[in-house]
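What follows is the residue order along each chain.
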Amino acid sequence: MSNMAAAAAAAPSTSTTPIQKPSSSSSFKSPLPISTFTLPFAFNSKKPRSLQISNSLSKPASTTTASPSTTEKFSFSRFAPAEPRKGSDILVEALEREGVKDVFAYPGGASMEIHQALTRSNIIRNVLPRHEQGGVFAAEGYARASGLPGVCIATSGPGATNLVSGLADALLDSVPIVAITGQVPRRMIGTDAFQETPIVEVTRSITKHNYLVLDVDDIPRIVREAFFLATSGRPGPVLIDVPKDIQQQLAVPNWDVPMKLPGYMSRLPKNPNELHLEQIVRLISESKKPVLYVGGGCLNSSEELRRFVELTGIPVASTLMGLGAFPVGDDLSLQMLGMHGTVYANYAVDKSDLLLAFGVRFDDRVTGKLEAFASRAKIVHIDIDSAEIGKNKQPHVSVCGDVKVALQGINKILESRGAKGKIDFSAWREELNEQKVNYPLSFKTFGEAIPPQYAIQVLDELTDGNAIISTGVGQHQMWAAQFYKYKRPRQWLTSGGLGAMGFGLPAAIGAAVANPDAVVVDIDGDGSFIMNVQELATVRVENLPVKIMILNNQHLGMVVQWEDRFYKANRAHTYLGDPSKESEIFPNMLKFADACGIPAARVTRKDDLRAAIQNMLDTPGPYLLDVIVPHQEHVLPMIPSGGAFKDVITEGDGRMKY
């Protein structure tokens, strides 16, 4: 749902005091900036709550990790029921009641009280990042790999502003995150106090919702609402800003205060209409060349999706965010579609007569030129967010609701009609198999040099396609999407919509915390890796078994590729090495690892690569492998920005002139 709608939905919950809280009043509601708020009431006021709207149970509890029943289940508390405690202790216990076990928190003046309270919790572990951006990306990695909400905590001012990229990333990729920031004491808000930023205003348009806590008694309700908002409907980031004096104020919490989100609750999508689902089944049975276009919205409905494909035999093209929702190695998988998708996936969409768009948003990197995208097809769009339906491409049939529920309904109709033998798309699949044979994903080898695509292929073989992979952003990210064969959802962690470099290492940390027994590999570029290189310290101190494979080409590879293709190979600040010593690898990544006590190696020859990757995987604990690759490689196929399928580029690299 849109941010304005979210803000408006939560508006009734702003305050029971006479003035408007800047927290959740929406941008169009109050023209006043945060700094003009004066607070003309006593802070220790114990006024009885006048307004209590209790409709928090009008929805099945399964949509959220925190149904009101968590209160009954939660029996352990460090305090006697009527014993006053600090606001920071109430906040930490509220997190415990939401089932939080791990947080990524970096302390500072305005959040010290929260950290002191965390030391009193024997349920929550803090994984200390070395930069707040590392903390929020790690919380994202945790959420993406586990499906549970990730929690990060930062101090006011620069600590809070350092969360901005992660919040924007989580909103664009629909990742459930609860970010908590310290704030200057209430009386100092708006005075340009030391380390003060109006973070609620700063993050207004890059969070699903945010709060400024102005009453210590609101903490239990606000935390419960934040987790509910982050995880229900279309997931997203929610920020809670807590002034320092509220963290220090003594109070007795009431854990039974209901949520107040009547507007939001009323707009949560209902179960899909049976008639719509039957219409979709009819379109499938009438079509000759259907194709599935699945995205991040399908990550929670992988089983239903597989069953649907089993019943219909419809080939599956996946977005970057949807990789793993359907096994990439399956015969019916067309792998990724879009700008750097396979020729056969884009061919299928271009030639299709029915496009089943499930849990997707018709992003520009997928569609290219909108008018030419699936121009011969009828479009069925299922998405949980009404704002996405008809935003870029008008569907013929749309269902606003949970893809999981919709697929269950469609599968039921198909099963009841005995569809499995009746629907036959074998001729269409033959046509696509021919495309697979004629235009496979491929790469060339030049002498001893290591093709970056080959490095990922070898990693896929040696991990049997079972590793959790995180990436930075750029060429290495696209190759990791193309050449690693993902088998299941939540195995592929990448910054899709925002494209934030520096995401790979902290995201791998979050994934390793969420899945302590999994093999976690950060496939990174030299440019992206350096953006959060300080998180190597966290990896070592927490002794996380994160493997880092850097595809090091000494350049900002994706920008170099565009320079080669569209700017006559004119290098505009895309060389990341030391120009005075071009023959040397700079910076020396092995020394970064060494500084943090992490074993590392460099490999430059193709013949040595397999043994080097095997050694990385066999070494217990963390490991860094610096794989030197040529900078002339291009990610292919490529449909230029705003182009159509007919413009696809399948040949060439930086060794040629354009």
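Where an unreviewed UniProt entry is consulted, the protein chain appears under the name Acetolactate synthase, with the organism given as Dovyalis caffra. As recorded by UniProt, the Sequence similarities (unreviewed entry) comment attached to the protein chain reads in full: "Belongs to the TPP enzyme family." Of the protein chain, the UniProt comment under Catalytic activity (unreviewed entry) reads exactly: "2 pyruvate + H(+) = (2S)-2-acetolactate + CO2".

### Comments concerning the environment of L118
Locating L118 in the fold gives a position in helix α4 (residues 112-119). Sequence-wise, L118 and E93 are 25 residues apart; in three dimensions their C-alpha atoms are separated by 9.2 Å. Those residues within four positions of L118 in sequence are excluded, and the remaining contacts are V92, V103, A105, I124 and I153.

### So, the pairing of strand β15 (residues 468-471)
Burial of β15 is two-sided: the residues I468 and S470 facing one way and the residues I469 and T471 facing the other way are all buried. Pairing of β15 with strand β17 (residues 520-525), which is carried by 4 bridges, proceeds in the parallel orientation. Among the inter-strand pairings, I469 is bridged to a residue of β17, identified as V521. Pairing geometry for β15 and strand β16 (residues 492-493), over 2 bridges, is parallel. If you follow S470 over to β16, its bridge partner there is L493.

### Quick notes on unusual backbone geometry
Of note, the bond from F586 into P587 is cis; its omega dihedral lies within 30 degrees of zero at -10°. With respect to the element layout, P587 can be found in the loop between α24 (557-566) and α25 (589-595). Residues L636 and P637 are joined by a peptide bond in cis, for which omega reads -5°. Looking at the element boundaries, P637 is found in the segment after β20 (623-628). Backbone geometry at Q195 places phi at a positive 55°, although glycine is not the residue there. Of the residues examined, Q195 reaches a relative accessible area of 27% and is grouped as partly exposed. Positive phi outside glycine occurs at K568, with the angle close to 50°.

### So, the pairing of strand β9 (residues 290-294)
For β9, the buried fraction is high: 5 of the 5 residues fall into the buried class. Residues P290, L292 and V294 of β9 are buried on one face, and the alternating residues V291 and Y293, pointing to the opposite face, are buried as well. Across 5 bridges, the pairing between β9 and strand β12 (residues 354-358) is parallel. Bridge pairing in β12 places P290 opposite L354. Of the strand pairs in this sheet, β9 and strand β10 (residues 316-318) are connected by 3 bridges, and their pairing is parallel. Directly across from Y293, in β10, lies its bridge partner A317.

### Considering the confidence of the model for the protein chain
Of all residues in the protein chain, 89% have pLDDT values of 70 or greater, and the mean over the chain is 91. Overall, residues 1-72 carries pLDDT values under 50, and its contacts beyond four positions in sequence, including any with other chains, amount to 136 contacts.

### Things to note about the sheet that holds strand β11 (residues 333-336)
Strand order across the open sheet formed by 6 strands is β11-β10-β9-β12-β13-β14, with parallel pairing between neighbours. Each edge of the open sheet is held by one strand with a lone partner, namely β11 and β14 (397-400). Pairs of neighbouring strands in the sheet enclose a mean axial angle of 15°, with direction left out of account.

### Let's talk about the packing of aromatic side chains
Throughout the structure, instances matching the rule amount to 13 aromatic pairs. Taken together, a centroid distance of 6.0 Å and an interplanar angle of 70° make the contact between F104 and Y142 edge-to-face. Linking F104 in strand β2 (residues 102-105) with Y142 in helix α5 (residues 132-146), this pair joins segments that are 38 residues apart in sequence. When its relative accessible area of 9% is taken as the criterion, Y142 is described as buried. Taken together, a centroid distance of 6.1 Å and an interplanar angle of 85° make the contact between F228 and Y264 edge-to-face. One end of the pair, F228, is in helix α9 (residues 219-231); the other, Y264, is in helix α11 (residues 262-267), and 36 residues separate them in sequence. Judged by its relative accessible area of 3%, F228 is buried. The buried category is assigned to Y264, whose relative accessible area is 2%. Among the aromatic residues, those joined into a cluster by ring pairs are Y293, F362 and F373. Positioned above the aromatic ring of Y454, the side-chain terminus of K606 is 4.4 Å from the ring centre. Over the face of the ring belonging to F446 we find R655, whose NZ or CZ atom lies 3.6 Å from the ring centre.

### Section: helix α16 (residues 403-416)
Spanning 14 residues, α16 covers 20 Å between terminal C-alpha atoms, matching the ideal 20 Å at 1.5 Å per step. Summarising the contacts, the buried residues of α16 are in contact with α12 (274-286), α13 (302-312), β12, β13 (378-383) and α17 (419-422). One side-chain oxygen of the residue at the start of α16 lies 2.9 Å from the amide nitrogen of K404, identifying that residue as D402.

### With respect to the pattern of salt bridges
For the structure on display, the rule yields 38 salt bridges. A salt bridge links R282 to E286, with the shortest nitrogen-to-oxygen separation between them at 3.3 Å. Here the residue R282 and the residue E286 both occupy positions in helix α12, the gap between them amounting to 4 residues, near one helical turn. Linking R602 and D626 is a salt bridge whose minimum nitrogen-to-oxygen distance equals 3.2 Å. Placement of the pair is R602 in strand β19 (residues 600-603) and D626 in strand β20, with a sequence separation of 24 residues. R602 sits in the partly exposed class, given a relative accessible area of 34%.

Parameters at a glance
- All chains use their own residue numbering, which begins from 1 and follows the written sequence.
- Only residues with pLDDT of at least 70 are given local features in this predicted model, and only at 80 or more are side-chain atom pairs given and counted; all residues enter the totals for whole chains, interfaces and linings.
- As a convention, hydrogens and water are excluded, and side-chain values are obtained from all of the structure's heavy atoms.
- UniProt positions are given in the numbering used here, feature names are shortened, and annotations may be inferred rather than shown by experiment.
- Under the scheme used here, helices are H or I runs from DSSP no shorter than 4 residues and strands are E runs no shorter than 2 residues, and both carry numbers assigned from the N terminus.
- The contact criterion used throughout is that any non-hydrogen atoms of two residues lie within 4.5 Å.
- Only protein chains enter the calculation, and the probe is 1.4 Å; a residue is then buried if its accessible area is under 20% of its type maximum, exposed if over 50%, and partly exposed in between.
- Criterion used throughout: strands pair if DSSP finds at least two bridges between them.
- The pLDDT value tells you how sure the predictor is about a given residue, anywhere from 0 up to 100.
- Whenever a helix is involved, its axis is fitted only over the stretch in contact; in every case the axis is a line through C-alpha atoms, and angles between N-to-C directions fall within 0 to 180 degrees.
- Under the pairing criterion, centres of Phe, Tyr and Trp rings, with the six-membered ring standing for Trp, must be within 6.5 Å; the plane angle then separates stacked pairs below 30 degrees from edge-to-face pairs above 60, leaving the rest tilted.
- A ring is scored as having a charge over it whenever the NZ atom of a lysine or the CZ atom of an arginine sits within 6 Å of its centre and within 35 degrees of its normal.
- One fewer than the residue count of a helix, multiplied by 1.5 Å, yields its expected span.
- Any N or O atom pair separated by 3.5 Å or less is treated as a polar contact, with the protein-specific requirement of one donor-capable and one acceptor-capable atom, and with residues adjacent in sequence counted only for side-chain atom pairs.
- Salt bridges are counted wherever a side-chain nitrogen of Lys or Arg sits within 4 Å of a carboxyl oxygen of Asp or Glu.

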